[in-house]
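In case you want the letters, here they are:
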Amino acid sequence: MVLAHGRSWVAAAVVLAATVGQLLVATFASDLPQFEGKAFGARLVFYPLLMLFVPAVWFAVHRRSRPAPWGGFTLVMLPFGVDVSGNTLDLYDTVVWWDDLLHFLNWCLLTLGLGLVLRVADVRPRWAGAVATVGGGALLALLWELGEWWTFIRHGTELGTAYEDTLGDMTLGTTGSAVALAGLVLRRRVSRRSSSGTRP
């Protein structure tokens, strides 16, 4: 199961390979309309680095002192793969609500993955874990929007609508992080019930 803290690295490796493969196609076939003007050269560099950042830090800190949270790593990597796949299939330009859906869904996946890796559900007091989860998601949404602006919006054709779009994207991302928090809390409760031997 993806959400479990299992030892299997296969799902994470598949997501990484599929993402890098699509990035290579997008970078070297940049004349295709779905890839044009979207800074795929920069994404080819930064997406794999960002996907590997969390696992690299985790292994540097823990050095195999406990089982690696591969489910969490996979969830952290998934938003990058979903984003690239949306461009490959030209969904951003052909489905009007696709971008909004992805800002919500990807931040839900990203925050849920980080929450599993960092064991946010175990943080006490509980309100501190909730603030860290939603606030961290909002901060990451802000950093993402800054990255989008720097790489292609400031010199592209979307500058006129960037302000409104950025506000909407940050709101959707923060909402996705709040939903991820609810998922982490629910997972924690189910896990505690299972470990105590009681049935829901």
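**Quick word on the overall build of the protein chain**
Consideration 1: Looking only at helices and strands, the protein chain features seven helices and zero strands.
Consideration 2: Across the protein chain, helices and strands are ordered from the amino to the carboxyl terminus as α-α-α-α-α-α-α.
Consideration 3: Relative to its 200 residues, the protein chain shows a buried fraction of 36%.
Consideration 4: If you take every contact in the protein chain between residues at least 6 apart in sequence, the share linking residues at least 24 apart comes to 78%.

**Remarks on the packing of helix H1 (residues 10–28) against helix H3 (residues 70–88)**
Consideration 1: Orientation of H1 relative to H3, taken along the N-to-C sense of each, is 25°, at an axis distance of 8 Å. In terms of axis orientation, H1 runs roughly parallel to H3. In terms of crossing hand, the pair formed by H1 and H3 is left-handed. Contacts between H1 and H3 involve Ala11, Ala12, Val15, Leu16, Thr19, Gln22 and Leu23 on the former and, on the latter, Trp70, Thr74, Met77, Leu78, Phe80, Gly81, Val84, Ser85 and Thr88.
Consideration 2: Taken together, the residues of the contact of H1 with H3 break down into 10 nonpolar, six polar and no charged.

**Digging into the nonpolar core**
Consideration 1: Counting 22 residues, the largest nonpolar core has Met51, Phe73 and Met77 as the members making the most contacts within it.
Consideration 2: Those elements that place two or more of their residues in this core are H1, helix H2 (40–62), H3 and helix H5 (98–118).
Consideration 3: No other element matches H3, which puts six residues into this core.
Consideration 4: Residues within four places of Met51 in sequence aside, it is in contact with Val15, Leu16, Thr19, Met77 and Phe80.
Consideration 5: In terms of nonpolar packing, the next biggest core, distinct from the first, is built from seven residues, Leu75, Leu109, Leu112 and Leu184 among them.

About the thresholds
Residues numbered from 1 in each chain as written. Predicted model: local features only at pLDDT ≥ 70, side-chain atom pairs only at ≥ 80, totals over all residues. Heavy atoms only, no water. Helix = DSSP H or I, 4+ residues; strand = E, 2+ residues; numbered from the N terminus. Buried < 20%, exposed > 50% of the residue type's maximum accessible area, 1.4 Å probe, protein only. Contact = heavy atoms within 4.5 Å. Axes fitted to C-alpha atoms, helices over the stretch in contact; angles between N-to-C directions. Parallel < 35°, antiparallel > 145°, perpendicular 65-115°, else oblique. Left-handed = near helix turned anticlockwise from the far one by under 90°. Nonpolar A, V, L, I, M, F, W, Y, C, P; charged D, E, K, R; others polar. Core = buried A, V, L, I, M, F, W, Y, C linked by side-chain atoms within 4.5 Å.

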